[in-house]
Amino acid sequence: MLFNTTQFLVFLVVVLALFYGLPKSLRKYLLLAASYYFYATWNVKFLALLLTLTAIDYASGLWLERVPAGRRRKAVLIFSLAANLGFLGFFKYYNFLAGNLALGLGRPSNSFLLDIVLPLGISFHTFQSMSYVVDVYRGQQRAVRNPVDYALFICFFPQLVAGPIVRARDFFRDLWAWQPPTSAEVSRGIFLIVLGLTKKMAFADQFAKVANGYFGGAAAHPGAPAALSGIFAFALQIYFDFSGYTDMAIGMAKLLGFHFPINFRRPYLAASITDFWRRWHISLSSWLRDYLYIPLGGSRGGNLATYRNLMLTMLLGGLWHGASWNFLIWGGYQGVLLSIERLIRGDRPTSDVWDWSYPPRALLTFCLALIGWVFFRAADLHQSRQVLGQMFAGGQGALLLEPWHFGLAGLALILSIGEERWEWFERAARAPVPVYAAALAAMLFCLETFAVLDAAIPFIYFQF
Amino acid sequence: MWLPCMQPRRGRALWGLVFGLAGLFSLDAAIFRSGLYTSILEPESSAGTFELILRRERNAQPWYGKNLVVTLGDSRFAYYPRVANEHTAETGLAFRQAGVAGTDARTWYYMLRDLDPTHDRYKAVVIGVDDYDDEDGAYDIGDDLATLHYVAGRLRWTDVAPFTLSFSDPAARFQALRGSLFKGTVFQRDLLAFLSHPQKRLANVEFVNGGYEEWTYGYHETTQNVVGLKIDWERFTAEFPPGNDQLRDEVARFILYRPYPQTGRRAAFRRKWFGQLLDYYSGSPTMVVFVRLPRGPQPRPENLVRKVTHTIRDFGARPGVVLANEHAFESLEHPELFRDGFHLNDEGCTRLSEMLAREISGLLK
């Protein structure tokens, strides 16, 4: 059940109606049932996996609180992390490792492969669950007593399949001290849902057609213009797709009285790669920072240790997205860029001053991001090499983008700058009714005229 | 700080949503229902062709008096109004053509409604059909969404429910509802093409508007024919003139078929839409005339045609409705007068034009 379908709209309306129609004490049960139903519509079999992981981490949390600090406590933590990573590893990485092992042994690459279907959203809910257990272990979070509360934290439908990755303390603060959303929050929630839908259906899906057309048969589209069209389209697709999803998730949560963290802050306006990662998939970046980079030592152990930690964090961040050499290279590429940037910048903070140097720096960052997206989007290493070859030495060919695509991209750029500098969207969401309504009307009209309506293009991050 | 922020009030979200939706409908109406966008549709698109023909015929109405006859049909109703009008002195009638290739009764209803809002601009409306009896074919014409793409520019708010409900398949109904409510969804591809090359489009529209009357009314069909086509209806095999692969494909797909199960859907569709069209002219001075068009270079034999109901014949009993002799144009059903399996060639069109003028004149006297 994709967010951008009529089926989901009906589901959401029914859930909202029931939620506010039921007594407060029953609402979380409704949300839990609705979330499991939502997940079951994808594949009912994976509910068992979700329930198992939920049970393990719920029990681990309680257990951790009872066990005094020491080796036993650490053992409980390791048990929980091993269970999460074990499931994640099996479903997500088994075939990758088995294929490479077979190649290493000189056997056909499919010798040890299994027919594994990746459970939807497994990377998101395992990371969310692991962060809870680590927080309890660190004493930063009290163990949750009520299993329903914990189950809801793991499977809450707006963010179950593609985040944002919510921290336990934020979620339980909202759940345990639930307050009905204010009028401003409802307005903002509706605004974000419409904005997210517009980003997804009118922008992401239109660029998806170009990107999918190119990457579906890069050999059939020779030349640098085609390759640049394909990767430029993908860059816009993935941003609008994922940030659109996140906007809808945040908006829906707001309507239900929950507050999700922001996940994107106009990443293509970043003036450095460091800045980019502070703006892109923020909930994952901050998760990696808090649960991987800092525990590894962060920047406390000198330059070489910092570069190593950056590389390790980004390599694992790449692998989190998927089991392939491409994602590993993508992560490594980001790690190298971050290290180089740190080498050049030293300990000085990144500059985000809008001066004359900002546009060229932002353009350079965007171009570097584009190169990275080649590895992210290409089917395999062979195609990555092929696309990069076409981008940099492809010669003449046909542009796959129509002039209106550039118009759409230009509009997006203007709106992004408007939001970055003057908070246009924020202000419109809080503005008096006529302005608020005009903004909604403009987005809905954009949906009417640009949305891809008859081809359900899945959200990219649903595959992770 | 370009926007003043105010304290949120209760109901603000609801009012914002209501006014936001109102704004959406207003924008849709201002652009797609006002004639603004329909005047610059791509002339070769379904809706663009429909609008061009509608405009052309509206513009032509003042040139004629009370003797104007308009014909409606799909591409099979190909004739030359200029040839028919060479006989005006004899017939007393002037023929105009408002048919659109690929359309059906539902489309013709919306065409006539906007072409003749006063119900009296024509002496007669002549509708070309393939048969007076109803035979269900391979697909349900009632669920053909192509109609939406022809008439999108003509649908009014009051049409939303009846137009939507005229489709029976739920998916088609949903698309019809969406398209009739939000016309931007129907014109999306056209709009994107326009936004890509706006000046080129505007120049093309102006060019086509300027020459459309002359090109279409001065048009000559090809002289190509399908002599050599022989169909053995016993064995369901055919011989083709050499090198005509298109004909081979067409005959295999659309002509050499065994009768389909008769569901009555075609009859229901004809009853609804021709009925609505006849109701539109009920009590008006305009006559509605049905003619059976030449069916093909080698029509299906009677034993292969399933005739369960007879909608058009039944309509013949209504006042103001006339049925032309159904055998009137059978003499044209020969391979030398057809350019393919369905359409008349130049010679066929010329002959049909003359015969049509005389047939209609005889019926209206």
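Procedures and definitions
- Residues numbered from 1 in each chain as written.
- Chains lettered and ligands numbered in written order.
- Predicted model: local features only at pLDDT ≥ 70, side-chain atom pairs only at ≥ 80, totals over all residues.
- Helix = DSSP H or I, 4+ residues; strand = E, 2+ residues; numbered from the N terminus.
- Buried ≥ 20, exposed ≤ 12 C-beta atoms within 10 Å, placed from the backbone.
- Contact = placed C-beta atoms within 7 Å.
- Core = buried A, V, L, I, M, F, W, Y, C linked by C-beta atoms within 7 Å.
- Nonpolar A, V, L, I, M, F, W, Y, C, P; charged D, E, K, R; others polar.
- Pairing = 2+ DSSP bridges.
- Axes fitted to C-alpha atoms, helices over the stretch in contact; angles between N-to-C directions.
- Parallel < 35°, antiparallel > 145°, perpendicular 65-115°, else oblique.
- Left-handed = near helix turned anticlockwise from the far one by under 90°.
- Expected span 1.5 Å × (residues − 1).
- pLDDT = per-residue confidence, 0-100.
- Bend = angle between axes of the 7 residues up to and from the residue.

A look at the overall build of chain B
Counting its secondary structure elements, chain B contains 15 helices and 7 strands. Principal axes of the C-alpha set define a box for chain B whose edges measure 80 × 50 × 45 Å. Relative to its full complement of 365 residues, chain B shows a buried share of 37%. At a minimum sequence separation of 6, the contacts of chain B that also span at least 24 residues come to 80%.

Remarks on the overall build of chain A
Scanning chain A from N- to C-terminus turns up 18 helices and 0 strands. Its C-alpha atoms put chain A at 65 × 65 × 50 Å along the principal axes. Split into buried and exposed, the 464 residues of chain A put 45% on the buried side. Expressed as a percentage of contacts within chain A between residues at least 6 apart in sequence, the contacts between residues at least 24 apart total 73%.

Notes on the nonpolar core
Membership of the largest hydrophobic core comes to 135 residues, with the highest contact counts inside it found for Val194(A), Ile231(A), Ala235(A), Leu440(A) and Leu447(A). Leave out the neighbours within four places in its chain, and Leu440(A) touches Phe191(A), Val194(A), Gly16(B), Leu17(B) and Gly20(B). Counting residues in each nonpolar core, the second largest holds 75 residues, with Ile53(B), Leu191(B), Ile312(B) and Leu352(B) among its members.

Comments concerning the interface of chain A and chain B
Opposite the 27 residues of chain A that make contact, chain B presents 27 residues. Contributions of two or more residues to the side of chain A that touches chain B are made by α8 (183–215), α16 (403–422), α17 (424–430) and α18 (433–450) of chain A. Here the side of chain A that touches chain B takes 11 residues from α18(A), the largest share from any one element. Counted by class, the side of chain A that touches chain B contains 18 nonpolar, 5 polar and 4 charged residues.

A closer look at the environment of Glu448(A)
With respect to the helices and strands, the residue Glu448(A) is situated in helix α18. Remark: the alpha-carbon pair of Glu448(A) and Thr198(A), spanning 250 residues in sequence, is separated by 9.2 Å. Ignoring anything within four residues of it in the chain, the contact list for Glu448(A) reads Leu24(B), Asp28(B), Phe182(B), Gly184(B) and Thr185(B).

Here's the deal with the pairing of strand β2 (residues 94–97) of chain B
All names here are of chain B. On β2, burial covers both faces: Ala-94 and Arg-96 on one face and Phe-95 and Gln-97 on the other are all buried. The pairing of strand β1 (residues 68–72) with β2 spans 4 bridges and is parallel. If you follow Leu-68 over to β2, its bridge partner there is Ala-94.

A word on the sheet that holds strand β3 (residues 124–129) of chain B
Residues and elements named next belong to chain B. Here 5 strands make up an open sheet; going across it, the order is β2-β1-β3-β6-β7 and the pairing parallel. Of all strands in the sheet, those bounded by a partner on one side alone are β2 and β7 (321–323). Strand-to-strand twist in this sheet, taken as the mean axis angle between neighbours without regard to direction, amounts to 25 degrees. Two elements, strand β6 (residues 287–292) and β7, share 3 bridges in a ladder whose sense is parallel.

Section: the packing of helix α12 (residues 303–321) of chain A against helix α13 (residues 325–345) of chain A
Residues and elements named next belong to chain A. Contact pair α12 / α13: the axes reach a minimum separation of 7 Å and the direction vectors enclose 150 degrees. With respect to α13, the element α12 is oriented roughly antiparallel. For the pair α12 and α13, the crossing hand works out as right-handed. Of α13, the residues touching α12 (which contributes Thr-306, Tyr-307, Leu-310, Met-311, Met-314, Leu-315, Leu-316, Gly-317, Gly-318, Leu-319 and His-321) are Phe-327, Leu-328, Trp-330, Gly-331, Gly-332, Gln-334, Gly-335, Leu-338, Ser-339 and Arg-342. Partitioned by chemical class, the residues of the contact of α12 with α13 number 11 nonpolar, 9 polar and 1 charged.

Side note on the packing of α8(A) against α18(A)
All names here are of chain A. As a packed pair, α8 and α18 sit with axes 9 Å apart at the nearest point and diverge in direction by 25 degrees. Put simply, α8 runs roughly parallel to α18. In the packing of α8 onto α18, the handedness of the crossing is left-handed. Judged by residue contacts, Ser-187, Phe-191, Val-194, Leu-195, Leu-197, Thr-198, Met-201, Ala-202 and Gln-206 of α8 engage Tyr-436, Leu-440, Met-443, Leu-444, Cys-446, Leu-447 and Phe-450 from α18. Residues of the contact of α8 with α18, tallied by class, amount to 13 nonpolar, 3 polar and no charged.

Some points on the environment of Ala451(A)
All names here are of chain A. Structurally, the position occupied by Ala-451 is in the segment after α18. It is 9.1 Å that separates the C-alpha atoms of Ala-451 and Ala-204, two residues lying 247 residues apart in sequence. Ignoring any residue separated from it by four or fewer positions in sequence, one finds Ala-451 in contact with Met-201 and Ala-202.

Focus on helix α4 (residues 71–104) of chain A
All names here are of chain A. Helix length check: α4, at 34 residues, gives a terminal C-alpha distance of 37 Å against a target of 50 Å (1.5 Å per residue), a shortfall beyond 12%. Listed in full, the buried residues belonging to α4 are Val-76, Leu-77, Ser-80, Ala-83, Asn-84, Leu-88, Lys-92 and Asn-95. Buried-residue contacts for α4 involve α3 (46–66) and α5 (122–138). Positive phi appears at Gly-106, one or two residues downstream of α4, with a value of about 75 degrees.

What about the confidence of the model for chain B?
Averaged over every residue, the pLDDT of chain B is 92; residues scoring 70 or more account for 97%. Predicted complex metrics record ipTM = 0.86 and pTM = 0.89.

Section: the confidence of the model for chain A
On average, residues of chain A score 93 in pLDDT, and 100% of them are at 70 or above. By mean pLDDT, α4(A) is the weakest element of chain A at 91, and helix α6 (residues 147–155) of chain A is the strongest at 97.

Notes on the pairing of β3(B)
All names here are of chain B. Buried residues dominate β3, accounting for 6 of its 6 residues. Every second residue of β3 is oriented toward a common face, with Ala-124, Val-126 and Gly-128 on one face and Val-125, Ile-127 and Val-129 on the other, all of them buried. Across 4 bridges, β1 lies against β3 in parallel orientation. The residue bridging Val-70 from the neighbouring strand is Val-125, located in β3. As defined by bridge partners, β3 adjoins β6 across 6 bridges and the pair is classed as parallel. Residue pairing across strands places Gly-128 opposite Val-291, the latter belonging to β6.

Quick word on helix α11 (residues 198–217) of chain B
Compared with the 28 Å implied by 1.5 Å per residue over 20 residues, the 28 Å span of α11(B) between its first and last C-alpha is a close match. Where α11(B) bends most, at Gly211(B), the angle is about 55 degrees.

A short note on unusual backbone geometry
Note on backbone geometry: most residues besides glycine have negative phi, and most peptide bonds are trans. Even without a glycine there, the phi angle at Arg266(A) is positive, about 45 degrees. Along the chain, Arg266(A) falls in the loop between α9 (224–255) and α10 (273–279). On the basis of neighbour counts, which here come to 17 C-beta atoms within 10 Å, the residue Arg266(A) falls in the partly exposed class. One non-glycine residue, His119(B), lies in the positive phi region at around 65 degrees.

Details of the environment of Val129(B)
Considering the arrangement of structural elements, one finds Val129(B) in strand β3. C-alpha separation for the pair Val129(B) and Asp74(B), spaced 55 residues apart in sequence, amounts to 8.5 Å.

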